[in-house]
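Architecture and fold: a report
Given next are the chains, with one letter for each unit.
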Amino acid sequence: MGIASGIVLFMVIWFMTFLVVLPIRIQTQGEAGEIVPGTHAGSPEKHHLKKKAWIVTGISAVIWAIIATIILTGTITVRDIDMFDRMGPSSEEAS
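Please read all numbers here as calculations on a predicted model, not as lab measurements.

1. Examining a nonpolar patch on the surface
Taken together, the side chains of Met-1, Ile-55, Ile-59, Val-62, Ile-63, Ile-66, Ile-67, Ile-71 and Leu-72 define a hydrophobic patch exposed on the protein surface, amounting to about 750 Å² of accessible area. Counting through the fold element by element, Ile-59 comes out in helix α3 (residues 49-73). For Ile-59, a relative accessible area of 35% gives the class partly exposed.

Pasting the structure below:
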């Protein structure tokens, strides 16, 4: 895995984790009882984006390290998940 693919892998993991964490502990304007005119009652009052971004960065770093280790050591390869044998025999099996 190269540097660019490592960065792309981290960003994909970060955004997926962010989208999971984003709705957690949101206080809506309806729950707070202070609805701003022209907005929906379900609009967030307190969203804690900065705190969530730091939490997601830490979680993503751990997940990325695990996945990068698996990729770099070859513990799981693409051939391991080829259930329908579409890749053909590997070079080890052909010898």
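From this point, the discussion proceeds with the structure in view.
2. Quick notes on the packing of aromatic side chains
With the rule as written, the count across this model stands at two aromatic pairs. Relative to Phe-15, the ring of Trp-14 lies with its centre 5.1 Å away and its plane at 85 degrees, an arrangement referred to as edge-to-face. Accessibility expressed as a relative area gives 15% for Trp-14, which makes it buried. Phe-15 gets classed as partly exposed once you look at its relative accessible area, which sits at 47%. Arranged with centres 5.0 Å apart and planes meeting at 10 degrees, the rings of Trp-14 and Phe-18 form a pair that is stacked. Remark: Phe-18 and Trp-14 occur in helix α1 (residues 3-21); sequence separation between them is four residues, near one turn of the helix.

3. Considering unusual backbone geometry
At His-48, a residue that is not glycine, the phi angle is positive and equals roughly 55 degrees. You can see His-48 is positioned in the loop between β2 (44-46) and α3. A positive phi angle is found at Asp-85, which is not glycine, with a value near 50 degrees. Topologically, Asp-85 is positioned in the loop between α3 and α4 (91-94).

4. Let's talk about the layout of surface pockets
Estimates place the volume of the largest pocket at around 170 Å³. If you trace the largest pocket, you find it lined by Val-21, Ile-24, Arg-25, His-48, Lys-51, Lys-52 and Ile-55. Take the lining of the largest pocket: its biggest share by element is three residues, from α3. Its residues assigned to classes, the lining of the largest pocket shows three nonpolar, one polar and three charged.

About the thresholds
- Residues numbered from 1 in each chain as written.
- Predicted model: local features only at pLDDT ≥ 70, side-chain atom pairs only at ≥ 80, totals over all residues.
- Heavy atoms only, no water.
- Patch = residues over 30% accessible without salt bridge, like charges linked within 9 Å, V, L, I, M, F, W, Y side chains within 5 Å.
- Areas by Shrake-Rupley, 256 points an atom, 1.4 Å probe, with all protein chains shown as cover.
- Salt bridge = Lys/Arg side-chain N within 4 Å of Asp/Glu carboxyl O.
- Helix = DSSP H or I, 4+ residues; strand = E, 2+ residues; numbered from the N terminus.
- Buried < 20%, exposed > 50% of the residue type's maximum accessible area, 1.4 Å probe, protein only.
- Phe/Tyr/Trp six-rings, centres within 6.5 Å; stacked < 30°, edge-to-face > 60°.
- 1 Å grid on protein atoms, 1.4 Å probe; cavity = no way out; pocket = protein on both sides within 12 Å on 5 of 7 lines; lining within 4 Å.
- Points joined across faces, edges and corners; volume = space filled by probe spheres on them.
- Nonpolar A, V, L, I, M, F, W, Y, C, P; charged D, E, K, R; others polar.

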